[in-house]
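Chain by chain, the residues:
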Amino acid sequence: MKNFLIPLLLLSGACLAAETPAEQSPVMALAKDSGCLTCHALTEKIVGPAYSNVAEKYKGQADAAASLAQSIQYGSKGKWGRIPMPPHPSLSVEDINKLARWVMTVQK
Ligand code: HEC
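About the cut-offs
- Residues numbered from 1 in each chain as written.
- Predicted model: local features only at pLDDT ≥ 70, side-chain atom pairs only at ≥ 80, totals over all residues.
- Heavy atoms only, no water.
- Donors = N, O, S within 2.8 Å, 3.2 Å for Na, K, Ca; no water.
- Tetrahedral: all angles 85-135°; square planar, octahedral: opposite > 155°, others 65-115°.
- Helix = DSSP H or I, 4+ residues; strand = E, 2+ residues; numbered from the N terminus.
- Patch = residues over 30% accessible without salt bridge, like charges linked within 9 Å, V, L, I, M, F, W, Y side chains within 5 Å.
- Areas by Shrake-Rupley, 256 points an atom, 1.4 Å probe, with all protein chains shown as cover.
- Salt bridge = Lys/Arg side-chain N within 4 Å of Asp/Glu carboxyl O.
- Buried < 20%, exposed > 50% of the residue type's maximum accessible area, 1.4 Å probe, protein only.

J.: What's the story with the coordination of the iron atom of the ligand in this structure? I'm lost.
T.: Expected angles at a metal are 109.5 degrees for tetrahedral coordination by four donors and either 90 or 180 degrees for octahedral coordination by six donors. Coordination of the iron atom of the ligand by the protein is provided by His 40 (NE2) and Met 85 (SD), with metal-donor distances spanning 1.9 to 2.1 Å. With six donor atoms in place around the iron atom of the ligand and angles of 87 to 179° between them, the coordination shape is octahedral. With a gap of 45 residues between them, His 40 in the loop between helix 2 (27-33) and helix 3 (51-58) and Met 85 in the loop between helix 4 (64-74) and helix 5 (93-103) connect regions that are remote in the sequence.

J.: Sorry if this is basic, but what is going on with a nonpolar patch on the surface here?
T.: A cluster of nonpolar side chains, Ile 46, Val 47 and Ile 83, forms an exposed patch at the surface whose accessible area comes to about 260 Å². Tracing the chain through its elements places Val 47 in the loop between helix 2 and helix 3.

J.: Can you help me understand the pattern of salt bridges in this one?
T.: Think of it this way: side chains of opposite charge can pair up when their charged atoms draw near. All told, the structure shown has one salt bridge when counted by the stated rule. Close ionic contact of Asp 95 with Lys 98 constitutes a salt bridge, the shortest N to O distance being 3.9 Å. Here Lys 98 and Asp 95 lie together in helix 5, a separation of three residues that amounts to about one turn. Given the relative accessible area of 33%, Lys 98 is considered partly exposed.

Take a look at the structure:
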């Protein structure tokens, strides 16, 4: 019985770790402080697309985070609709990369 329970516990632990919601990541606060959440929400479209939709669109693309980082840094237009996203020249490249990788973890 013991031998059977241990892998089961390990497995449920692994599932919990994989499902840590993006909301609980420290990067959520960075997104808020950087003004991203005035135009974006995790799972709903506001002015910009829901981050869950962004993650879904680029899922499986090896360079997804790098390409999103470019959009965040230099602005983006025409990918999601008629409203463009302004560039963010005052954010550090490090923060931009963190934000881009975090967006790719947002799930519905
Ligand atoms: C003034 C509103 C506004 C703000 C502030 C804003 N965004 Fe956006 N964002 C948009 C819009 C609108 C789009 C869709 C642009 C398009 O169609 O190409 C977008 C698109 C995106 C995309 C998808 C880009 C792509 O290549 O498909 C990401 C990722 C993103 N925003 C992240 C962020 C982050 C991170 C911040 C904060 C640093 C931020 N946005 C701040 C409006 C905004």
